[in-house]
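So you can see what is in the structure, the chains are spelled out below.
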Amino acid sequence: MSARPPYPRIRRLRVALAASCAALLFTAGCSFGEPDPDPAGEPPNLPTPSASASPGGAGQQAVATVLAKNLRVPWAIAFLPDGGALVTERDNGRVLQVGPESGPDGLRVRPVQTIPDVAAAGEGGLLGIAVSPDYARDRTVFVYYTTERDNRVARLQLGGQPTPILTGIPKANVHNGGGLGFGPDKQLYVSTGDAGQRPLSQDVKSLGGKILRITPDGKPAAGNPYPNSPVWSMGHRNVQGLAWDAAKRMYAVEFGQNTWDEINQITKGGNYGWPEVEGQAGDKRFTDPIAQWATSDASCSGLAATDRLLVTGCLRGKRLWVMELTDTGTLLGQPSELLTNRYGRLRAVAAAPDGSLWVSTSNHDGRGNPAGDDDRLLRVVFAGGDGGRS
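The structure reproduced in this document is the subject of the present report. (Residues numbered from 1 in each chain as written. Predicted model: local features only at pLDDT ≥ 70, side-chain atom pairs only at ≥ 80, totals over all residues. Heavy atoms only, no water.)

## Concerning the environment of Gly 279
The line we're drawing: Strands are runs of DSSP state E lasting at least 2 residues, helices are runs of H or I lasting at least 4, and numbering of each runs from the N terminus. For every residue, the accessible area obtained with a 1.4 Å probe (protein chains only) is divided by the maximum for its type, and the residue is called buried under 20%, exposed over 50%, and partly exposed between those limits. Only heavy atoms matter for contacts: two residues are in contact if any of them lie within 4.5 Å across the pair.
Summarising the element assignment, Gly 279 is placed in the loop between strand E17 (260-266) and strand E18 (291-294). On the basis of relative accessible area, Gly 279 is assigned to the buried category, the value being 4%. Non-local contacts of Gly 279, meaning those with residues more than four positions away in its chain, are made with Trp 260, Glu 262, Asp 288, Pro 289 and Gln 292.

Laid out in structure tokens, this is it:
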């Protein structure tokens, strides 16, 4: 296992934050204002409500600012070239545009699309969203959603009619998967659940319990491990979050059953064991996770990579788990927990263009206790500690 020191730019920012707030960090915590402009670009156009620091493991601090309020089960976040974001709402089938314009109470939120044929029930509905890597040219967005018959992926231009490109993904009240993300190869990756039918995960002919890799037209991508198949990896129970690190390695967060929730490094043709194993089993037939937690501490949905960190948002665990990566994509030290029990159930996590993370709450999903302004969209910046980032 090897690891490099944090990037020089990151270290300089962290030292500056520590110097300005050291006295307060040892007492009641530190409240930060707007971060310094990123050397690579202009400062983001963000609201300026108060922000507070939340202590985490290994001396980390997470500074959270509420960007938007009164959403309904925001499930996924995808950024547009102008710095604004598209956010899906699971139960009502709406796509919201959040920002980049702001007002006195946060970023401007406006509905830009309602997806027809969404059949929201249980864990199904309008789930993942991804913006085309060529959005400035093709203006195309991809969505994953549940219908009366299946889960499916469609492409559209905002305001236009969705065109399904991949259908027949198994659906149920639970385990619908729903993650979407373009990889560094510009292929679209799709995470699916086993829809409560465990054998599907080990059946290479089924789309259930898999991570799929397709072209923007919905065809199996060239180089997939199985001929004429969209299947990239198998043996999954219910993957919702996907992310790639700076070295182009792919990761996924997976709901376990009763024992272990997982973070897996995803490789071509990998088999991750469900339903034969759960968690780190040491079985040579399957790939073990790089991290696992008891389901009571996790049940994580969203996943993002930023610098050398992986961050996942947890529903039942009501926290962020933060992991620092080594050069080989394994973990450096132990994961840290942040924002525990501060905002309730946390779902989507996305790396913003300015280096921060956007995180959604999920307190209106039928399993939480909503506050008066839930659900909320948060902007999170890390500061302090060896694993911190700002």
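Now that the structure has been shown, the text picks up again.
## Topic: the packing of aromatic side chains
Put simply, the test is: Working definition: a ring pair exists when centres of Phe, Tyr or Trp rings (six-membered ring for Trp) sit within 6.5 Å. Plane angles under 30 degrees give stacked, over 60 give edge-to-face, the rest tilted. Remark: a charge is flagged as sitting over a ring if the NZ atom of Lys or the CZ atom of Arg is within 6 Å of the ring centre and within 35 degrees of the ring normal.
Summed over all chains, the structure comprises 5 aromatic pairs. With a centroid separation of 5.3 Å and an interplanar angle of 70°, the aromatic rings of Phe 142 and Phe 182 are classed as edge-to-face. Of the two residues, Phe 142 is situated in strand E8 (residues 141-146) and Phe 182 in strand E11 (residues 180-182); the sequence distance between them amounts to 40 residues. Pair check on accessibility: Phe 142 and Phe 182 agree, each one buried. Seen in terms of ring centroids, Trp 293 and Trp 321 are 5.2 Å apart; in terms of plane orientation they differ by 20°. Their pairing is stacked. Here Trp 293 is found in strand E18, whereas its partner Trp 321 is found in strand E21 (residues 319-324), with 28 residues between them in sequence. Trp 321 carries the same exposure label as Trp 293, and that label is buried. Each residue in the set Tyr 189, Trp 232 and Trp 244 is aromatic and connected to the rest through ring pairs, giving one cluster. Looking at Arg 237, its charged tip hangs above the ring of Trp 274, at a distance of 5.4 Å from the centre.

## Some words on the pattern of salt bridges
Put simply, the rule reads: The salt bridge criterion pairs a side-chain nitrogen of Lys or Arg with a carboxyl oxygen of Asp or Glu, the two atoms within 4 Å.
Within this structure, the stated rule accounts for 19 salt bridges. Arg 152 is the salt-bridge partner of Asp 150, the closest N and O atoms lying 3.1 Å from each other. One exposure class covers both Asp 150 and Arg 152, and it is buried. Between Asp 373 and Arg 376 there is a salt bridge; the shortest N-O distance is 3.7 Å. Where salt bridges share partners, they join Asp 134, Arg 137, Asp 138 and Lys 186 into one cluster.

## Points about the sheet that holds E17
Note the threshold: Strand pairing is defined by DSSP finding a minimum of two bridges between the two strands. Interaxial angles span 0 to 180 degrees and are taken between N-to-C directions of axes, which are lines fitted to C-alpha atoms, for helices over the stretch in contact.
Ordered in space as E15-E16-E17-E18, the 4 strands form an open sheet in which the pairing is antiparallel. In the strand order of this sheet, the two ends are held by strand E15 (239-244) and E18, each with one partner. Taking the axes of each pair of neighbouring strands and ignoring which way they run, one obtains an average angle of 15° across the sheet. Pairing between E15 and strand E16 (residues 250-254): 5 bridges, direction antiparallel.

## A few points about the side chain of Asn 176
Spelled out, the test is: Under the rule applied, a polar contact is a pair of N or O atoms within 3.5 Å (in protein, one hydrogen donor and one hydrogen acceptor; residues adjacent in sequence only if both atoms are side-chain atoms).
The topology assignment puts Asn 176 in the loop between strand E10 (163-169) and E11. On the basis of relative accessible area, Asn 176 is assigned to the buried category, the value being 1%. Within the local environment of Asn 176, its side chain forms a polar contact with the side chain of Asn 151, the two groups lying 2.8 Å apart. Of note is the side chain of Asn 176, whose polar atom sits 2.7 Å from the backbone oxygen of Ala 172. Those residues in contact with Asn 176, other than ones at most four positions away along the chain, are Glu 123, Gly 124, Leu 127, Tyr 144, Thr 146, Asn 151, Pro 170, Lys 171, Thr 192, Gly 193 and Asn 238.

## Quick look at unusual backbone geometry
Residues other than glycine predominantly adopt negative phi, and peptide bonds predominantly adopt the trans conformation. Between Gly 99 and Pro 100 the backbone carries a cis peptide bond, its omega angle lying at 5°. With respect to the element layout, Pro 100 can be found in strand E5 (residues 94-103). Following Asp 374, the chain continues to Asp 375 via a peptide bond in cis, the omega torsion being -5°. Within the element layout of this structure, Asp 375 appears in the loop between strand E24 (357-361) and strand E25 (377-383). Although it is not a glycine, Asp 117 adopts a positive phi angle of roughly 75°. With respect to the helices, strands and loops of the structure, Asp 117 is situated in the loop between strand E6 (106-114) and strand E7 (126-131).

## What to know about the environment of Trp 244
Considering the arrangement of structural elements, one finds Trp 244 in strand E15. In contact with Trp 244, not counting residues within four places along its chain, are Gly 181, Phe 182, Gly 183, Pro 184, Tyr 189, Arg 249, Met 250 and Ala 305.

## Section: the sheet that holds strand E22 (residues 336-338)
Spatially, E19-E20-E21-E22 is the arrangement adopted by the 4 strands of the open sheet, whose pairing is antiparallel. The open sheet terminates on both sides in strands that have one partner only, identified here as strand E19 (300-306) and E22. Looking at each pair of strands side by side, their axes are set apart by 25° on average, direction ignored.

## Brief notes about the pairing of E17
Across the 7 residues that make up E17, a large majority, 6, are buried. Taken together, the 5 bridges between E16 and E17 define a ladder with antiparallel strand orientation. From the neighbouring strand, Ala 252 faces E17, where its bridge partner is Asn 264. The turn linking E16 back onto E17 is made up of 5 residues. When E17 meets E18, the two strands line up antiparallel, connected through 4 bridges. In the sheet register, Ile 263 faces E18, and the bridge partner there is Ala 291.

## Notes on the nonpolar core
Put simply, the rule is: Each nonpolar core is a collection of buried residues, namely Ala, Val, Leu, Ile, Met, Phe, Trp, Tyr and Cys, held together in the definition by side-chain atoms within 4.5 Å.
Leu 86, Ile 129, Val 143, Val 153, Leu 180, Leu 188 and Val 190 are the most contacted members of the largest nonpolar core, which has 33 residues in total. Residue assignment for this core shows that the elements contributing at least two residues are strand E3 (74-79), E7, E8, strand E9 (151-156), E10, E11, strand E12 (188-191) and strand E13 (211-214). Contact partners of Val 143, with chain neighbours within four places excluded, come to Ile 115, Leu 126, Gly 128, Ile 129, Arg 152, Val 153, Ala 154, Leu 156 and Leu 180.

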